[in-house]
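Spelled out, the chains give:
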Amino acid sequence: MNRHNEMEVSFLSVPENEAFARVVIAAFAVQLSPTVSEIADVKTAVSEAVTNAIVHGYEGTRGLVTMRAIIDGKALAIEVSDRGKGITNVKQAMEPFFTTHPEQERSGMGFAVMQTFMDEVEVQSAPGSGTSVRMRKRIGAEGVH
């Protein structure tokens, strides 16, 4: 059986909505019968992407964060996007420990965390136009080599 489903939700870029995004993605992904570990991985990656959009994309202003998810077979694809200030140097931003706000005690590990918990992470951004983080994870891949 080839499963296909998709959803999209937009929410205001306030910190309280990071937890909302985690619950939404978990509820959507449950139809793939993920393990506890797989769902924790997905929730953690979404949390990092949404937090980046709120903290860095909108940086003290408010705007909409959009989360889209598609299930295609056993693959879960997630896109978290904002229309915020964008990233000047995506390659540099994805380096572990790089942060634009060291005074806020940011670890600079958001993208590294996403890459650790997901099979694929792709970032597209343009200054003044916002950022889109696309992630993929195959559900049910644990123990399969």
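Residues numbered from 1 in each chain as written. Predicted model: local features only at pLDDT ≥ 70, side-chain atom pairs only at ≥ 80, totals over all residues. Heavy atoms only, no water.

(A) Structural detail: the nonpolar core. By size, the foremost hydrophobic cluster in this structure holds 37 residues, and its most contacted members are Val 46, Met 67, Leu 76, Ile 78 and Met 135. Looking at which element gives the most residues to this core, the answer is helix α2 (residues 36–57), with eight residues. Those residues in contact with Val 46 that sit more than four places away from it in its chain are Ala 21, Arg 22, Ile 25, Met 67, Ile 78 and Met 135. (Core = buried A, V, L, I, M, F, W, Y, C linked by side-chain atoms within 4.5 Å. Buried < 20%, exposed > 50% of the residue type's maximum accessible area, 1.4 Å probe, protein only. Helix = DSSP H or I, 4+ residues; strand = E, 2+ residues; numbered from the N terminus. Contact = heavy atoms within 4.5 Å.)

(B) Local environment of the sheet that holds strand β3 (residues 75–82). If you walk across this open sheet you meet the five strands as β1-β2-β3-β5-β4, and the pairing is antiparallel. Each edge of the open sheet carries a strand with a single partner, namely β1 (4–12) and β4 (120–126). Strand-to-strand twist across the sheet, computed as the mean angle between neighbouring axes with direction ignored, equals 10 degrees. Sitting on the sheet, α2 touches β1, β2 (64–72), β3 and β5 (130–138), and the angle it makes with β5 is about 175 degrees. Running over the sheet, helix α4 (residues 110–117) touches β4 and β5 and is turned about 25 degrees from β5. (Pairing = 2+ DSSP bridges. Axes fitted to C-alpha atoms, helices over the stretch in contact; angles between N-to-C directions.)

(C) Spotlight on the side chain of Thr 66. Among the structural elements, Thr 66 can be located in strand β2. Side-chain polar atoms of Thr 66 contact the side chain of Ser 10, separated by 2.9 Å. (Polar contact = N/O pair within 3.5 Å; in protein donor to acceptor, adjacent residues only side chain to side chain.)

(D) Up close: the environment of Met 135. Structurally, the position occupied by Met 135 is in strand β5. With 21 residues separating them in the primary sequence, Met 135 and Met 114 have C-alpha atoms 7.9 Å apart. Dropping the residues within four chain positions of it, Met 135 is found in contact with Ala 45, Val 46, Ala 49, Leu 76, Ala 77, Ile 78, Val 80, Met 114, Met 118, Glu 120 and Val 121.

(E) Broad picture of the pairing of β5. Where β3 and β5 come together, eight bridges link them in antiparallel fashion. The partner of Glu 79 across the bridge, within β5, is Arg 134. For β4 and β5, the ladder comprises seven bridges, and the chain directions are antiparallel. Opposite Ala 126, over in β5, you have Gly 130 as the bridge partner. Two successive antiparallel strands, β4 and β5, enclose a turn made up of three residues, where Gly 128 displays a positive phi of approximately 85 degrees.

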